[in-house]
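Overview (structure and organization)
So the chains spell out like this:
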Amino acid sequence: MDWNSVMQYHPYYSPFISILWTPLFYLFKDSPILLYQSIIGMNVMMVLVTYTIIYYISKYKIFRLSSVAATSLAFVVCIYPSNMYYVPLAVVETLLQLLFWLLLIEIYSYLNNYKSHQLYLSAVILGLMINVHNRTLAISLITIAFLTIVMIIKKQKLAPAVISLMIFIGFYLLSGHLKAIYLSQFEQISEMNSVNTSIPTVELLISIISRFVDVFKSFLGKIYALLTVGNVAVFLGIYKLVLDFLSGIKKWKEPSVAFLISAYLLIVFFGNVVAFSITTAGVVSRFDYVLYTRYFDNLVGPIMLIGMKWLLDIRKIPFLPLIWQGIALIVLTPTIMHSLEQVTGSIFAIDSSPGFGAFFPYYLDNQHIYLPLLKSICYSLCIILIYVLLRNYDVVKLRKYSCLSLLPLCLYWVFLGLEAKGAYGGIRDAEFSKTIGIVNILGSLHNDNIVYLRNTEDDFISQAKRLQVLCPNIPIKVETITKEFEPQDNTVYVTSTSDELYSDLSSRQGLAIHDYNGVDIYEFEDD
């Protein structure tokens, strides 16, 4: 398979996920469909490993719960809407979630016994994370700073910290080296291939100062999305972490493990939310940017686990926090509505905020945002109300059935996950059906010299990628059309735009099949 031309316009991840997928490419190189299915199978295995880790933490490592309780917690965390959504996709989110759980285990173990090898393992995991996606740089910097400060407070030798830092730097440099090898495979490098998702610290500070209002509104949008989708699990988890942090701050000179873990989770979580609030502040091209959660969904699992563990003994949950959450959602709704009204685009990209994909259609305008937003707030408030009522139900006598208190949240997340998957699946199926029709036309032309024409706004060339998947052994060439464009003989041109630059093609020699579901196909033959 030679997909060089198509892939040069495709955004790429850092190399580690590619290394994991490489054996699959060798096994299924002649069948892209089987290749994709095998990648999904790998995602399923990652979720099973994540489930095992959460079970281990719940039963043996931290909470010391019963097998039934640990099983229930692990299961419900794993069916969080974003987890359900990303598993059947060839993206890195499932792996990033697994790596963060592994990192958390190593940090927790280190804080209990301060053994150097756990510090080294943490550095390796951080190095792997940066080799999966550059957005984890914020996690890496926060973790390194946190552990260094803890070592100073605990008067530990700093030599292991220096070694760990060198390990991480080694992985970071390896990522850059592998990136250079990757880019060298292309005949030419597009801007899409040089995308940089890291966020320079100086740029962060300037952005916060100069765009404070936009950044703050963007931050509120992310929190609103988490409180709506994660609901009581996220809110109670954050509330419990804050309580542990405040209770331990008085003894900060001899900090407990609970205090340190609380501090770490709060800092790494909110640090990432702030960082990505800055990158999406003031962006009005898509609706999902207002409620964007994809870049920190992999961090929310431990917070939800803490919140749901509290739900197992629901009568001990303080009443006021549940009311505060409901009030917060109601108060924030007008701000979120105003932000959505400012959007000039017509897309809500479900993969950027899977939980809200259950409420928002993929294509809409800002005149049709009110009903989806109303549905989201109604569903959220209903879940909160259910737990307010359950709190007043005497479950002490039915303690062995206390896991049933997770059922409302479980059903809510299954609903959100299935609705989001269904919405995305419908769009994907429609697009592939159109592409199959195009493939049939191309087959009837008996010409393998196929060129996809893109304009400068056609960044992702999705149609060309689908064509390439369905025609794996025919290299689809991609060319950017300009005013100087001249069609070549014995070539088939495919375009999915109606740019005026294409207007004279139909009058030239050759076969023109116009507007096949928004796609034009031209075949130019030898004179």
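Up top is the structure these notes are about.
We now turn to the structure provided with this report. Source: prediction; values computed, not measured. (Residues numbered from 1 in each chain as written. Predicted model: local features only at pLDDT ≥ 70, side-chain atom pairs only at ≥ 80, totals over all residues. Heavy atoms only, no water.)

Let's talk about the overall build of the protein chain
Counting its regular elements, the protein chain contains 18 helices and five strands. Counting all 527 residues of the protein chain, 51% fall into the buried class. Long-range pairs, those at least 24 residues apart, make up 79% of the contacts in the protein chain between residues at least 6 apart in sequence. On the protein chain, roughly 24500 Å² of surface is accessible, and the fraction owed to carbon and sulfur atoms is 64%. (Helix = DSSP H or I, 4+ residues; strand = E, 2+ residues; numbered from the N terminus. Buried < 20%, exposed > 50% of the residue type's maximum accessible area, 1.4 Å probe, protein only. Contact = heavy atoms within 4.5 Å. Areas by Shrake-Rupley, 256 points an atom, 1.4 Å probe, with all protein chains shown as cover.)

Notes on the environment of Leu241
Among the secondary structure elements, Leu241 is positioned in helix H12 (residues 231-248). Between the C-alpha atom of Leu241 and that of Ser262, which follows or precedes it by 21 residues, the distance is 5.0 Å. The contacts of Leu241, once residues within four sequence positions are left out, are Ser262, Leu265, Leu266, Ile303 and Ile306.

Describing the packing of aromatic side chains
Taken as a whole and assessed by the stated rule, the structure comprises 24 aromatic pairs. Plain terms: the ring middles of Phe276 and Tyr295 are 5.0 Å apart, the flat faces sit at 80 degrees to each other, and that makes the pair edge-to-face. Here Tyr295 lies in the loop between helix H13 (257-280) and helix H14 (300-311) and Phe276 lies in helix H13, a separation of 19 residues in the sequence. Across the pair, Tyr295 and Phe276 agree in class, each one buried. Ring geometry for Tyr289 against Tyr292: centres 5.8 Å apart, planes inclined by 10 degrees, an arrangement best described as stacked. Three or more aromatic residues joined by ring pairs make a cluster, and in this case those are Tyr224, Phe348, Phe356, Phe359, Phe360, Tyr379 and Phe415. (Phe/Tyr/Trp six-rings, centres within 6.5 Å; stacked < 30°, edge-to-face > 60°.)

Side note on the environment of Thr94
As for its position among the elements, Thr94 is in helix H6 (residues 93-113). A residue is classified by how much of its surface remains accessible, and Thr94, at 4% relative accessible area, is buried. The sequence separation of Thr94 and Met45 amounts to 49 residues, and the corresponding C-alpha distance is 9.8 Å. Setting aside residues no more than four positions away along its own chain, Thr94 makes contact with Asn43, Met46, Val47, Tyr86 and Val87.

What about the packing of H12 against helix H15 (residues 319-341)?
Remark: H12 packs on H15, axes separated minimally by 10 Å, with the N-to-C direction vectors making an angle of 120 degrees. On the basis of the axis angle, H12 is oblique to H15. Of the two elements, H12 crosses H15, and the hand of that crossing is right-handed. For the pair H12 and H15, the contacting residues are Asn231, Val232, Phe235, Leu236 and Tyr239 in the first and Pro321, Leu322, Trp324 and Gln325 in the second. Here the contact of H12 with H15 is built from residues that sort into seven nonpolar, two polar and no charged. (Axes fitted to C-alpha atoms, helices over the stretch in contact; angles between N-to-C directions. Parallel < 35°, antiparallel > 145°, perpendicular 65-115°, else oblique. Left-handed = near helix turned anticlockwise from the far one by under 90°. Nonpolar A, V, L, I, M, F, W, Y, C, P; charged D, E, K, R; others polar.)

These values are about where atoms sit, not about what they do.
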